[in-house]
Amino acid sequence: MKMVSLSLLKTTFTLAWRNLWRNYRRTIIMLAAISLGVWAMIFMTALMRGMVDEMVLNGIRSLPGQVQIHHPGYRDDPTVVHRLPPPSQSLLNSLNGEHVKAWSTRVRVPAVLSSERDTRGVVAIGIEPNVEWEQKFFNETLVQGRFLQGNDDRGLVIGKKLAEQLETRLGKRVVLMSQDPDNNVVDKGFRIVGIYSARLPATEERLIYAGKTTLQTLLNINDDISEIVVEGNNDYRDTLILQKELAEAAGEDVETLAWQQLDSYLSSMIDMMDGFVLVWMVVVFLALSFGLVNTLVMAIFERVREIGLMLALGMKPGHILLQILLESLLLLSLGLLIGNVTAYLAIKPLESGIDISIVADGMAMMGAGSMLYPALKLNDVLLANGVVIILGLLTSLLPAWRASHLNPIRALTKT
């Protein structure tokens, strides 16, 4: 019985393949349409995925880190009152574990920065310069001066926009004011040692950087910190293991959150992108489906008498249905193979980046850079192939069902 079934399947496959090439011009045109559609699905998805990845990664770098540890009240009231002690030994063990690529501690408080001409509200960030520079937690471009040289550096790095607003420049002295844990106003004079340029003007206007120890001394908080920022070794989407490990090590008295919880806008962009990719693929396929159905209907119309003869000789309707579906599957498979290969060959040379500096200002407003790096993801390729195969077979069901239910006598007498 099994041998009979295999023999029948082999015969049906052979017939389907030969029928596919009876009208080779029509088959080639349909193959070209499917290949072009698959290429468009994968190529455009890679471009969109690359753009969204760039926007999300820039957002994560601005946080910075994939996971952050704070005092539970810090996000609602980010003042020096809601601070943390230095990492405990158990937390240090996790921070130096296999899932962590880099980590750093920061002091981050609201403050006021005054020049001799103007005053602005800012966020003062005390950092470990060596770690921040090496691990790119500080991800802006230094356009003048130097970066901080140590935790006790007495200089200040500010944004280009902020320097313009304060009407100050590199080398000038400014005064930084904030509050200590007892709500006393504390202030200190700093010299501007560096000016940076950021992708977003708001970052240049708001964030200033000082040595961590210098800021701790100013705020009278000893070795306490505001946050621990952690970069994981895995893909930025996969933060669950890292967050869980750090949360267990840090304890329940602190808040350990992944970037998806810290910035819901970035997280929603990922979800929106995934949904958009699926809709885009379905829309492209719907355009293709008209051609696919037309090809199958015409192929059946030309073979009505032949199908009627097979039914009259005893072939079961199910075998006719299987043969038509096999023709559709072969056509789809060939189109997918060509589309996948051409998409791969088109994307790979572009992975080093596409210069889109002509629209750099608009891209900067969305948090993206002036280079677009297409991202070819295996999941996107599988999704495109899955959509084409599943919807293609569903689309083919109606003409296949109609062919399998032809009346043999009427079919044989059809002229």
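Higher on the page you've got the structure.
Residues numbered from 1 in each chain as written. Predicted model: local features only at pLDDT ≥ 70, side-chain atom pairs only at ≥ 80, totals over all residues. Heavy atoms only, no water.

## Concerning the overall build of the protein
Looking only at helices and strands, one finds 15 helices and 12 strands in the protein. In terms of overall size, the protein is more extended than a compact globule, its C-alpha atoms giving a radius of gyration of 32 Å where 415 residues would be expected to give roughly 22 Å. Dimensions of the protein, computed from C-alpha atoms along their principal axes, come out at roughly 100 × 45 × 30 Å. Within the span of the protein, comprising 415 residues, buried residues form 46% of the whole. Summarising the internal contacts of the protein: among those between residues at least 6 apart in sequence, 78% fall at separations of at least 24. (Helix = DSSP H or I, 4+ residues; strand = E, 2+ residues; numbered from the N terminus. Rg over C-alpha atoms; globule rule 2.2 N^0.38 Å. Buried < 20%, exposed > 50% of the residue type's maximum accessible area, 1.4 Å probe, protein only. Contact = heavy atoms within 4.5 Å.)

## Topic: a nonpolar patch on the surface
A surface patch of nonpolar side chains, amounting to about 480 Å² of accessible area, comprises L337, I338, V341, Y344 and L345. Of note, Y344 is situated in helix α12 (residues 317-347). We classify Y344 as partly exposed; its relative accessible area is 44%. (Patch = residues over 30% accessible without salt bridge, like charges linked within 9 Å, V, L, I, M, F, W, Y side chains within 5 Å. Areas by Shrake-Rupley, 256 points an atom, 1.4 Å probe, with all protein chains shown as cover. Salt bridge = Lys/Arg side-chain N within 4 Å of Asp/Glu carboxyl O.)

## A closer look at the pairing of strand β7 (residues 185-197)
With 4 bridges connecting them, strand β4 (residues 141-145) and β7 associate as antiparallel partners. Across the sheet, residue L142 finds its bridge partner in β7, namely Y196. Relative to β7, strand β6 (residues 173-179) runs antiparallel, the two sharing 7 bridges. Directly across from R173, in β7, lies its bridge partner R191. Linking β6 back to β7 in an antiparallel pair, the connection comprises 5 residues, with N183 at a positive phi of about 65 degrees. (Pairing = 2+ DSSP bridges.)

## Comments concerning the environment of L321
As for its position among the elements, L321 is in helix α12. In this structure L321 comes out as partly exposed when scored by relative accessible area, which is 24%. Between the alpha carbons of L321 and H405 there is a distance of 8.9 Å; along the sequence they are 84 residues apart. If sequence neighbours within four positions are ignored, L321 has contacts with L397, A400, W401 and S404.

## Let's talk about unusual backbone geometry
The phi angle at E167 is positive, at roughly 55 degrees, despite the residue not being glycine. For E167, a relative accessible area of 48% puts it in the partly exposed group. Despite not being glycine, N183 has its phi angle at roughly 65 degrees, a positive value. Mapping N183 onto the fold places it in the loop between β6 and β7.

## Some remarks on the packing of helix α10 (residues 264-302) against helix α14 (residues 378-404)
In contact at an axis separation of 9 Å, α10 and α14 are set at 30 degrees when each is read in the N-to-C sense. In the packing of α10 onto α14, the handedness of the crossing is right-handed. For the pair α10 and α14, the contacting residues are V277, L278, M281, V282, F285, S289, L292, V293, L296, V297 and I300 in the first and D380, L383, A384, V387, V388, L391, G392, T395, S396, P399, A400 and A403 in the second. Here the contact of α10 with α14 is built from residues that sort into 18 nonpolar, 4 polar and 1 charged. (Axes fitted to C-alpha atoms, helices over the stretch in contact; angles between N-to-C directions. Left-handed = near helix turned anticlockwise from the far one by under 90°. Nonpolar A, V, L, I, M, F, W, Y, C, P; charged D, E, K, R; others polar.)

## Quick word on the pattern of salt bridges
Counted by the stated rule, this structure contains 12 salt bridges. Among the ionic pairs, D380 bridges to R49, the shortest N-O distance being 2.7 Å. Taken together, the residues D380 in helix α14 and R49 in helix α2 (residues 24-62) connect sequence positions 331 residues apart. Ionic pairing is found between D118 and R120, a salt bridge with its closest N-O pair at 3.3 Å.

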